[in-house]
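Chains, contacts and geometry: an overview
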Amino acid sequence: LANSISRFFKHQSAGLFILRLVTGVIFIVHGSAKLAAVGAVASFFGGLGLAPVLWWVWFIGLLEVVGGAALVLGVATRIFGALLAIEMIVAIFLTGIGRGFHAHEFELLLAAASLAIALAGSGRWSLYKLECEQCGGVFCNGETCVVVEE
C-alpha cells in the first residue's frame, strides 16, 4: 500500500497539469471579464495612472485570455508564466502594496503559481512542448534540443 501511494504522488506532470489548468482558467475568466467591460476597467486603470488606458485594458485582457489558454494547453508555458507573474506583481504594487497582505493574497497566489509554471515548464501533459524535460532547452521536438545556458 505504501508503494502504491508513493507512486501515485510521484507524478510531477500531473501536478503541473492541475496547476496549469486551474491557474489558466482563472486568468481566462478574469481576462474575459476585462474585455467584456472595457469601459469600467478603463476607468479603474485610469485611476491607477495607467496611460494610454484603452491600450492597457486590451493588453492585459488579451494577455490573461491568451496566456491563460496557453497555460491550460501547455503551449509556451515558460513565457506566459513569466509574463503573468510579472503582471500580478505589478498589479500588487499599482493597487497599493501598503494595504497589507490580505488585500493582495489572491494576486500573490497567482503570481507564485505563474512563476512556478514558468520555472517548471509544461510537463509531459501538454498539447505542444516548447520546453524539453531532459535538457531544459526550448523548442525541443523530443530528439533535438536547443540548450538554454544557465
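Residues numbered from 1 in each chain as written. Predicted model: local features only at pLDDT ≥ 70, side-chain atom pairs only at ≥ 80, totals over all residues. Heavy atoms only, no water.

What follows deals with the environment of Gln 12. Along the chain, Gln 12 falls in helix H2 (residues 12-36). With 108 residues separating them along the chain, Gln 12 and Ala 120 place their C-alpha atoms 9.7 Å apart. (Helix = DSSP H or I, 4+ residues; strand = E, 2+ residues; numbered from the N terminus.)

In this section: the pattern of salt bridges. The tally for this structure, following the rule as stated, stands at one salt bridge. When the shortest N-O distance is used, the salt bridge between Lys 34 and Glu 64 registers 3.1 Å. Here the residue Lys 34 occupies a position in helix H2, and Glu 64 occupies one in helix H4 (residues 53-73), the gap between them amounting to 30 residues. (Salt bridge = Lys/Arg side-chain N within 4 Å of Asp/Glu carboxyl O.)

With that settled, the discussion passes to the nonpolar core. Of all hydrophobic cores here, the largest spans 11 residues; its members are Phe 27, Leu 63, Ala 70, Leu 71, Ala 76, Phe 80, Leu 84, Met 88, Leu 110, Ala 111 and Ile 117. Listing elements by their share of this core, those giving two or more residues are H4, helix H5 (77-94) and helix H6 (105-120). Excluding residues within four positions of it along the chain, Leu 110 makes contact with Thr 23, Ile 26, Phe 27 and Met 88. (Core = buried A, V, L, I, M, F, W, Y, C linked by side-chain atoms within 4.5 Å. Buried < 20%, exposed > 50% of the residue type's maximum accessible area, 1.4 Å probe, protein only. Contact = heavy atoms within 4.5 Å.)

Moving on, we come to H5. Between its first and last C-alpha atoms H5 spans 25 Å; for 18 residues at 1.5 Å apiece the expected length is 26 Å, and the two agree. Taken as a whole, H5 has its buried residues at Thr 77, Phe 80, Gly 81, Leu 84, Ala 85, Glu 87, Met 88 and Ile 92. When H5 is viewed along its axis, its buried side chains cluster within an angular range of 160 degrees and face the same direction. Turned more than 90 degrees off the buried face of H5, the exposed positions are Ile 79, Ile 86 and Phe 93. Those residues of H5 that are buried are in contact with H2, H4 and H6. (Expected span 1.5 Å × (residues − 1). Arc of directions from axis to C-beta.)

The subject of this paragraph is the side chain of Glu 87. Note on placement: Glu 87 falls in helix H5. Lys 34 provides the closest opposite charge to the buried, unpaired Glu 87, separated from it by 5.1 Å. The contacts of Glu 87, once residues within four sequence positions are left out, are Phe 27, Ile 60, Leu 63 and Glu 64. (Lys, Arg positive; Asp, Glu negative; His and termini not counted.)

This part is about a nonpolar patch on the surface. On the surface, Ile 18, Leu 21, Val 22, Val 25 and Val 29 cluster together to form a nonpolar patch covering roughly 410 Å² of accessible area. Looking at where Ile 18 falls in the secondary structure, it is placed in helix H2. Given a relative accessible area of 52%, Ile 18 falls into the exposed group. (Patch = residues over 30% accessible without salt bridge, like charges linked within 9 Å, V, L, I, M, F, W, Y side chains within 5 Å. Areas by Shrake-Rupley, 256 points an atom, 1.4 Å probe, with all protein chains shown as cover.)

All we've got here are geometric facts, nothing functional implied.
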